[in-house]
Amino acid sequence: MSGLLIERPLPHGGRLVERVIEDKAVARKIWKSCNAVYEIKPTLHYETGVPVRNVYREIMSICYGFFSPVEGSMKQAEVERVLKERRLLNEWIFPYPLIFDISKDDLNKLGVEPGDRLGLTLKGKPFAILDIEEIYEIDPEELAYKTFGDPETNPEVVQQKFDKKHPGWVIYRSHQPWVLAGKYTIINPPKFKPPFDRFWFPPRKAREEFEKRGWRTVINHQTRNVPHVGHEFLMKCAAFTGDVEPCHGILVNAVIGVKRRGDYPDEAIVEAHEAVNKYGYIKPERHLVSIVLWDMRYGNPLESLLHGIIRQNMGCTHHMFGRDHAAVGEYYDKFATQILWTKGIPSFGFPAPPTDVPYGLKIRPQNMREFSYCPTCKEMAYSETCGHKREKLSGSFLRGMVAEGVQPPSIIMRPEVYKVVVKWWKQFGYPFCNEKYVINKEKELEVDLEDL
Amino acid sequence: MAYFMVVLLDDNRMAKLRGTGLEEHIKYMFGGELRLLEVEVNEELKDKILAEFETARVDSRGAITDVPVAFMRELFNQVVEKKSLGPEVVEGVLAKIAEIKEMAAKESEYLPPPEIQE
Ligand SMILES: [Zn+2]
């Protein structure tokens with residue numbers, strides 16, 4: 001019998017990376033040992049100057065272990081290996097290069113060398129340190145192309161050459177050309193502003209929470225959207241996977257980062273998901289909302305791999321993946337994520353699925369299609385089982401309804417979820433992210449820092 | 001092809017619709033939970049909408065969509081005012097085109113939130 005039970009997996013790489021100093025006296029001492037200090041700047045779009053990324057989010061996710069076993073800004077050899085085989089130098093699989101990039105001017109001003117310790121401030125306050133092991137130059141455009149693949153090199157899933165219409169490509173293209181590689185350590189843990197504070201479950205805390213709740217099996221729902229009832233059914237029904245019984249828990253993990261115009265505000269996204277459990281559509285005993293900081297790269301199969309890593313590190317046993325997972329445009333095959341997790345993508349270094357290669361993942365994929373209302377069944381029906389004509393709900397139809405100020409019926413969006421949308425609409429003067437929200441968010445960020 | 005525009009109805013709008021005699025024309029979706037009216041649009045009005053609003057398009061059923069929110073709000077107001085679903089409704093909207101365009105220009109930065117009960 002015990003062979004049927006799925007156990008909570010170890011973190012990717014075997015142990016959780018935790019590089020956060022909580023002791024202020026120790027932190028002050030470390031801060032004093034810095035050779036130079038640098039204020040973290042947002043990465044600006046290489047053409048328009050609009051913020052597209054903030055490396056602070058990567059530092060947070062690395063130091064709190066979401067990206068275990070990554071410990072810092074990657075060295076040149078590691079970036080090359082990730083681009084070629086999607087593996088770190090220690091063999092563990094990983095999809096994206098993660099680097100601390102600065103301009104030539106800033107490098108000259110800092111005058112740092114390998115072996116130096118660089119202090120990093122955020123919003124003017126000490127935040128973290130970077131112990132520099134290597135300094136090298138990159139070509140951001142080349143990095144951008146190589147990160148996402150191209151139709152010649154990756155014919156299994158890449159359908160179209162990447163360009164500036166792809167927000168992830170833009171992020172890498174907008175990197176500065178000099179890289180400081182080495183481990184990060186947070187020496188002054190930032191405080192999340194409400195409402196984000198109550199959703200902050202870094203991997204150690206998430207695992208402790210699962211233990212406390214008696215959740216052995218947990219399925220993750222990736223989101224950057226306000227949940228409509230189709231999402232709710234996806235979560236409830238996908239949770240029927242598991243082992244000898246349905247998954248004990250559903251973890252909603254919202255990716256919080258740079259926004260695109262037209263997205264829902266992050267504040268509305270997390271509170272709307274919370275409303276799903278607060279008002280009993282899914283019992284709070286079975287449903288937990290959490291966040292991870294990351295500026296989405298929209299790399300479809302590659303992004304799904306990162307999602308798998310993050311949620312395995314948080315202690316999940318299963319992960320839902322939908323069609324067009326974390327995709328934008330038609331750069332990748334619609335089912336690229338499913339291809340990765342069921343067959344593998346050899347040109348990306350996966351002759352087999354990421355769960356079946358050495359130094360791979362333990363989290364199990366659960367590939368899902370969609371739910372929509374069937375007037376014949378008179379219920380939300382699954383696209384692959386209901387044989388009737390269903391009333392499909394397109395995102396733009398729902399957004400149009402919301403923008404018009406018409407409350408969607410509760411079979412489309414729960415009234416409590418809609419109330420959350422309106423609450424933040426009143427706050428920001430807009431139901432979706434407008435230019436003002438996008439710019440302000442990157443100025444204010446999700447956190448504040450105290451003096452050290 | 002017959003063209004039309006969809007007017008979505010929530011409880012607020014249903015209340016305003018009472019007494020217009022249009023209730024019997026209400027159509028239902030999602031098991032009766034989504035109520036809507038279809039406003040008739042003739043060829044000439046369709047062309048005018050497409051010419052005036054560059055985002056506007058006609059879908060495969062002949063529904064005109066993706067016009068500014070200000071247009072859609074005024075469309076409902078005109079339905080109530082004219083107590084009709086005929087072409088005079090869209091004519092009434094287009095009579096206020098300058099005002100709608102002015103509001104549409106601000107729509108990318110501000111949209112008035114609906115009044116809902118807390
Ligand atoms: Zn059916």
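Keep in mind that what you see is a predicted model, and the values were worked out from it rather than measured.

**Some remarks on the pairing of strand β16 (residues 379–382) of chain A**
Residues and elements named next belong to chain A. Here 4 bridges tie strand β15 (residues 371–374) to β16, and the two strands are oriented antiparallel to one another. Bridge pairing in β16 links Cys374 to Glu379. In this antiparallel pair of consecutive strands, β15 and β16, the connection spans 4 residues, and Lys378 shows a positive phi of 55 degrees.

**Let's talk about the domain arrangement of chain A**
Residues and elements named next belong to chain A. Split by domain assignment, chain A resolves into domain 1 (24–192) and domain 2 (196–444). For domain 1 versus domain 2, the distance between C-alpha centres works out to 26 Å. Counting from both sides, the interface comprises 47 residues of domain 1 and, opposite them, 50 residues of domain 2. In total, about 4,300 Å² of surface goes out of reach between domain 1 and domain 2, with carbon and sulfur atoms giving 64% of it. The largest contributions to the domain 1 side of the interface with domain 2 come from Arg57, Phe66 and Phe192, which together make up 20% of the buried area. Residues Arg57 and Asp295 are paired through a salt bridge, measuring 2.7 Å at the closest nitrogen-oxygen approach. Between domain 1 and domain 2 we count 24 residue pairs in polar contact (both at pLDDT 80 or more) in total. Within the residue set of the side of domain 1 that touches domain 2, elements represented by two or more residues are β3 (51–54), α2 (55–63), α3 (76–85), α5 (140–148) and α6 (167–173). Looking at the side of domain 1 that touches domain 2, the element that brings in the most residues is α2, giving 5 residues.

**A short note on the packing of aromatic side chains**
Residues and elements named next belong to chain A. Summed over all chains, the structure comprises 27 aromatic pairs over all chains. Relative to Trp200, the ring of Tyr64 lies with its centre 5.1 Å away and its plane at 80 degrees, an arrangement referred to as edge-to-face. With Tyr64 in the loop between α2 and β4 (72–73) and Trp200 in the loop between β9 (191–192) and α7 (203–213), the pair connects residues that are 136 residues apart, well separated along the chain. Here Tyr64 and Trp200 have matching classes, each one buried. Members of the aromatic cluster, connected to one another through ring pairs, are Phe67, Phe94, Tyr96, Phe148, Phe162, Tyr172, Trp294, Tyr331 and Tyr332. For Arg260, the ring lying beneath its charged end belongs to Tyr298, and the centroid distance is 5.3 Å.

**Some points on a nonpolar patch on the surface**
Together, A:Leu4, A:Leu5 and A:Val244 make up a nonpolar patch on the protein surface, roughly 240 Å² of accessible area in all. Within the secondary structure layout, A:Val244 lies in the loop between α8 (229–238) and β11 (249–256).

**Here's the deal with the sheet that holds strand β13 (residues 318–321) of chain A**
Residues and elements named next belong to chain A. The sheet built from 5 strands is open, its strands ordered β12-β11-β10-β13-β14 with parallel pairing. Where the open sheet ends on each side, the last strands, each with one partner, are β12 (287–293) and β14 (364–367). Neighbouring strand axes in the sheet, compared pairwise and without regard to direction, differ in orientation by 30 degrees on average. Taken together, the 7 bridges between β11 and β12 define a ladder with parallel strand orientation. Paired with Leu251 across the strands is Leu288, a residue of β12.

**What to know about the packing of α7(A) against helix α10 (residues 301–314) of chain A**
Between two packed helices, the angle of one axis relative to the other and the distance separating the axes together describe the packing. Residues and elements named next belong to chain A. At a closest axis distance of 7 Å, the pairing of α7 and α10 adopts a crossing angle of 55 degrees. Between α7 and α10, the crossing angle belongs to the class labelled oblique. Side by side, α7 and α10 meet where Pro203, Ala206, Arg207 and Phe210 of the first sit next to Gln312, Asn313 and Met314 of the second. The residue makeup of the contact of α7 with α10, split by class, is 4 nonpolar, 2 polar and 1 charged.

**Focus on the coordination of the zinc ion**
All names here are of chain A. Protein coordination at the zinc ion comes from Cys374 (SG), Cys377 (SG), Cys386 (SG) and His388 (ND1), with a distance range of 2.1 to 2.4 Å. Its 4 donor atoms give the zinc ion angles of 98 to 127 degrees at the centre, a pattern that matches the tetrahedral case. The sequence pattern describing where the donors of the zinc ion fall on their chain is C-x2-C-x8-C-x1-H. The exposure class assigned to Cys377 is partly exposed, which follows from its relative accessible area of 30%. A relative accessible area of 12% places Cys386 in the buried class.

**Here we look at a negative patch on the surface**
Residue and element names in this part refer to chain B. A grouping of Glu40, Glu44, Glu88 and Glu91 is seen on the molecular surface, where their side chains present a negatively charged patch. With respect to the secondary-structure elements, Glu91 resides in helix α4 (residues 87–94). A relative accessible area of 43% places Glu91 in the partly exposed class.

**Re unusual backbone geometry**
Residue and element names in this part refer to chain A. Between Ser68 and Pro69 the backbone carries a cis peptide bond, its omega angle lying at 10 degrees. Residue position: Pro69 is located in the loop between α2 and β4. Omega for the peptide link from Pro194 to Pro195 comes to 5 degrees, which places this bond in the cis form. With respect to the element layout, Pro195 can be found in the loop between β9 and α7. The phi angle at Glu91 is positive, at roughly 85 degrees, despite the residue not being glycine. Considering the arrangement of structural elements, one finds Glu91 in the loop between α3 and β5 (100–102). You can call Glu91 partly exposed: its relative accessible area is 29%.

**Regarding the pattern of salt bridges**
Proximity of charged atoms lets side chains of opposite charge pair with each other. Enumeration according to the criterion identifies 48 salt bridges over all chains in this entry. Between A:Arg173 and A:Glu141 there is a salt bridge whose closest N-O contact spans 3.6 Å. Separated by 32 residues along the polypeptide, A:Arg173 in helix α6 and A:Glu141 in helix α5 bring together distant segments of the chain. Exposure remark for A:Arg173: the relative accessible area of 22% places this residue in the partly exposed category. The residue B:Arg13 makes a salt bridge to A:Glu404 at a minimum N-O spacing of 3.0 Å. Here B:Arg13, found in helix α1 (residues 11–17), pairs with A:Glu404, found in the loop between α12 (395–403) and α13 (415–428), and the two come from separate chains.

Parameters and conventions
Residues take numbers from 1 onward in each chain, read along the sequence in its written order. Think of it this way: whatever chain is written first is A, whatever ligand is written first is 1, and the rest follow in order. Side-chain atom pairs in this predicted model are given and counted only at pLDDT of 80 or more, local residue features only at pLDDT of at least 70, and totals for whole chains, interfaces and linings cover all residues. As a rule here, side-chain values come from all non-hydrogen atoms in the structure, and water together with hydrogens is ignored. Whether two strands pair depends on DSSP finding at least two bridges between them. Per the convention used, a helix needs a DSSP run of H or I reaching at least four residues, while a strand needs a run of E reaching at least two, with both numbered from the N terminus. Throughout, the edges of the domains are those of an automatic or database domain assignment. In what follows, a contact means two residues having at least one pair of non-hydrogen atoms within 4.5 Å. Take the accessible area each of two parts loses on contact, using a 1.4 Å probe, and add the two losses: that sum is the buried area. In what follows, salt bridge is the name for a side-chain nitrogen of Lys or Arg lying within 4 Å of a carboxyl oxygen of Asp or Glu. Any pair of nitrogen or oxygen atoms within 3.5 Å is treated as a polar contact; in protein, a donor-acceptor pairing is required on top of that, and neighbouring residues in sequence qualify only through side-chain atoms on both sides. Stacked, tilted and edge-to-face are the three classes assigned to paired rings of Phe, Tyr and Trp, where Trp is represented by its six-membered ring and a pair needs centres within 6.5 Å; plane angles under 30 degrees give stacked, over 60 edge-to-face, the rest tilted. Buried residues are those whose accessible area, probed at 1.4 Å on protein chains only, stays under 20% of the maximum for their type, while exposed residues exceed 50% and partly exposed ones sit between those limits. Consider the ring centre and the ring normal. A charge sits over the ring if Lys NZ or Arg CZ is within 6 Å of that centre and within 35 degrees of that normal. Patch definition: residues above 30% relative accessible area lacking any salt bridge, with like charges linked at up to 9 Å and the nonpolar side chains Val, Leu, Ile, Met, Phe, Trp and Tyr linked at up to 5 Å. The Shrake-Rupley method, run with a 1.4 Å probe sphere, supplies the accessible areas, and residue values consider only the shown protein chains as cover. The convention used is that axes are lines fitted to C-alpha atoms, helices contributing only their stretch in contact, and that angles between N-to-C directions extend from 0 to 180 degrees. By the definition adopted for this analysis, an angle is roughly parallel if under 35 degrees, roughly antiparallel if over 145, roughly perpendicular if from 65 to 115, and oblique otherwise. Throughout this entry, Asp, Glu, Lys and Arg are counted as charged residues, while Ala, Val, Leu, Ile, Met, Phe, Trp, Tyr, Cys and Pro are counted as nonpolar. The remaining residues, Gly among them, count as polar. Keep in mind that water is not among the atoms, so a site may look incomplete; donors are the N, O and S atoms within 2.8 Å of the metal, or 3.2 Å for Na, K and Ca. Angular criteria define each label, namely tetrahedral for four donors with all angles between 85 and 135 degrees, square planar for four and octahedral for six donors with opposite donors over 155 degrees apart and remaining angles between 65 and 115, and irregular for whatever fails these tests. Positive residues here are Lys and Arg, negative ones are Asp and Glu, while His and the chain termini are left out of the count. Lys charges are placed at NZ, Arg charges at CZ, Asp charges at CG and Glu charges at CD.

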